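Spelled out from the first residue to the last, the chains are:
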Amino acid sequence: MDEVQEWVQRFDLKVERLHTHIGSGSDPQIWQRVASLSMDLVKKFPGAKSLNLGGGYKIGRMSHEKTTDLQQVGQPVKQAFEKLAHETGRRLHLEIEPGTWLLGNACCVLSTARDIVSTGPDGYQFIKSDTGMTEILRPSLYAAQHPISVISRSGETHTSQYVVVGHCCESGDLLTPDAQDSEKLAPRELIRAFPGDLLVIDGAGAYCASMSAKNYNSFPEAPEILLKADGSHRLIRRRQTLEQILENEIPA
Ligand SMILES: Cc1ncc(COP(=O)(O)O)c(C=O)c1O
C-alpha cells in the first residue's frame, strides 16, 4: 500500500474508489474482517468517495448450509461507515456485488433421467441425467452440493439411494460427489426414479450456466426459462443450434 500511495503522489492520481473482493462463499466473520481492513485502507486515501466490498456472500444451497444474513454482517460495516463520518465528516458510499447471494438459489436445472443402472449389491444405483458438467460443473470441480429431487411421472413415493451422474463421457461428471472429495461417490436418498422422470437440480443460479463445460461432445447450450412471480414463464435463452456450435470452426 505504501508503494501505491507513492505512485498516487508521483503521478498525481486521484483515488476515488477502493475495491476489495475476498472470494466467493467466504465466511461472514472473514468478510467482516476484510471489511474492517478495507476501511483502514480508506483512511489512507482521504479523497476516496466509495468503498466497494465486492461479492462472495455465502449462500446455503443445501438445507444444512447457512446463508449469510446481510443485515447481521452489515451492522458492523454500517457502524464503521458512521464512525468514519463522525470522525472525519466523510460520508463514504458503499457498493457491493452480491450476484450469488441474489441469484444462487433463484434458479434450478431441469433435466431428465435418461437411464437407471445398478452395479449390483456391492455397487451403486446410478441415475444418468441428460445434464451434468455442460450446465453445472460445481459438483465435479469442487465437490459443491446441490439439492436434487426426482419428479416421478408415475407418482412413486418410495425412496432409494442413488448416485446421480451427468451425460459427459467423464468419470468426474458427478452430480452427487462426497462433500469432502469431488472424486468420491456419495449416494443420496431420492424418490425411486425411472427413465423419463424429471430431475430438479436446485441452487443453480450462480457459477452454473456461466461456468460450465459448454459444448462438450457438441452438446448444445441449454435453453433458459424465466419463471415469473405470477406463475407464467418466458424463454430467455434459446437452445443452441448445431450451426451455432460450429460457426467459428475454420475447416482446414
Ligand atoms: C470483484 C468481484 N466481485 C464479485 C464477484 C462475484 O461474487 P459473488 O460470487 O458473490 O456473485 C467476483 C467473483 O469472483 C469478483 O471477482
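Refer to the preceding data block for the structure.
Residues numbered from 1 in each chain as written. Predicted model: local features only at pLDDT ≥ 70, side-chain atom pairs only at ≥ 80, totals over all residues. Heavy atoms only, no water.

1. Here's the deal with the sheet that holds strand S2 (residues 50-52)
Here is the rule: Between any two strands, pairing holds if DSSP finds at least two bridges. The secondary structure listing takes helices from DSSP runs of H or I that are at least 4 residues long and strands from runs of E that are at least 2 residues long, numbered from the N terminus. The angle between two axes is taken between their N-to-C directions and runs from 0 to 180 degrees, where each axis is a line fitted to C-alpha atoms and a helix contributes only its stretch in contact.
As summarised here, the arrangement of the 3 strands in space is S1-S2-S3, forming an open sheet in which the pairing is parallel. Where the open sheet ends on each side, the last strands, each with one partner, are strand S1 (17-19) and strand S3 (93-95). Between one strand axis and the next, the sheet turns through 15 degrees on average, direction left out of account. Note that S1 and S2 share 3 bridges and pair parallel. Residue Arg17 lies in a different strand from S2, and its bridge partner there is Ser50.

2. Points about a nonpolar patch on the surface
Rule in force here: A residue counts toward a patch only above 30% relative accessible area and without a salt bridge, and it is joined to like-charged neighbours within 9 Å or, for Val, Leu, Ile, Met, Phe, Trp and Tyr, to nonpolar neighbours within 5 Å. The Shrake-Rupley method, run with a 1.4 Å probe sphere, supplies the accessible areas, and residue values consider only the shown protein chains as cover. Every case where a carboxyl oxygen of Asp or Glu lies within 4 Å of a side-chain nitrogen of Lys or Arg is listed as a salt bridge. Exposed residues in this analysis have more than 50% of their type's maximum accessible area, buried residues have under 20%, and partly exposed residues fall in between, with area computed by a 1.4 Å probe over protein chains only.
Together, Met1, Val4, Trp7, Phe11 and Leu13 make up an exposed nonpolar region whose accessible area comes to about 480 Å². Considering the arrangement of structural elements, one finds Val4 in helix H1 (residues 2-10). For Val4, a relative accessible area of 31% puts it in the partly exposed group.

3. Here we look at the pattern of salt bridges
Pairs can form between side chains of opposite charge once their charged atoms are near each other. All chains considered together, the criterion is met by 8 salt bridges. Asp40 is the salt-bridge partner of Lys43, the closest N and O atoms lying 4.0 Å from each other. Here Asp40 and Lys43 lie together in helix H2 (residues 28-44), a separation of 3 residues that amounts to about one turn. Between Glu224 and Arg237 there is a salt bridge whose closest N-O contact spans 3.4 Å. Taken together, the residues Glu224 in strand S12 (residues 224-227) and Arg237 in strand S13 (residues 233-237) connect sequence positions 13 residues apart. The exposure class assigned to Glu224 is partly exposed, which follows from its relative accessible area of 29%.

4. Observations concerning the sheet that holds strand S11 (residues 198-201)
With respect to topology, 6 strands assemble into an open sheet ordered S6-S11-S4-S5-S7-S10, the strand pairing being mixed. Across the chains shown, the open sheet's two edge strands, defined by having one partner strand only, are strand S6 (148-151) and strand S10 (188-191). With strand direction ignored, the average angle separating the axes of adjacent strands in the sheet is 50 degrees. As defined by bridge partners, strand S7 (residues 159-165) adjoins S10 across 4 bridges and the pair is classed as antiparallel. The partner of Tyr162 across the bridge, within S10, is Arg188.

5. Section: H2
Condition: Helix span, expected: 1.5 Å multiplied by one less than the number of residues in the helix. Arc definition: directions from the helix axis to the C-beta atoms. Here, two residues are considered to be in contact whenever any of their heavy atoms come within 4.5 Å of each other.
In a regular helix each residue adds 1.5 Å, so 17 residues correspond to 24 Å; H2 covers 25 Å between its end C-alpha atoms and thus fits that length. All of the buried residues along H2 are Trp31, Val34, Ala35, Ser38, Met39 and Val42. Along the axis of H2, the buried positions cluster into a sector of 150 degrees, meaning they face one direction only. Within H2, the exposed residues directed more than 90 degrees away from the buried face are Gln29 and Arg33. For H2, the secondary structure elements touched by its buried residues are S1, S2 and helix H3 (70-88).

6. Quick word on the state of the cysteines
Basically, it comes down to this: Any pair of cysteine sulfurs within 2.5 Å is marked as a disulfide.
Within the structure shown, the criterion is met by 0 disulfides. The thiol of Cys107 is not disulfide-bonded; the next cysteine sulfur, from Cys108, is found 7.7 Å away. Not part of a disulfide, Cys208 finds its nearest cysteine sulfur in Cys107, a span of 8.7 Å. Assessed through its relative accessible area of 1%, Cys208 is described here as buried.

7. Focus: the site of the ligand
Applied cut-off: Near, as used in this document, describes a residue that has one of its heavy atoms within 4 Å of the molecule or strand being considered. Here a polar contact is recorded for every N or O atom pair within 3.5 Å, except that within protein the pair must consist of a potential hydrogen donor and a potential acceptor, and residues adjacent in sequence are included only if both atoms are side-chain atoms. Put simply, Ala, Val, Leu, Ile, Met, Phe, Trp, Tyr, Cys and Pro go in the nonpolar bin, Asp, Glu, Lys and Arg in the charged bin, and everything else, Gly too, in the polar bin.
Taken together, His19, His21, Ser24, Gly55, Gly56, Tyr57, Glu97, Gly99, Thr100 and Tyr207 make up the full set of residues near the ligand. A distance of 3.1 Å separates an oxygen atom of the ligand from a polar side-chain atom of His21. Look at the ligand: alone it shows 400 Å² of surface, and the protein chains cover 68% of it. In terms of residue class, the shell around the ligand is made up of 2 nonpolar, 7 polar and 1 charged.

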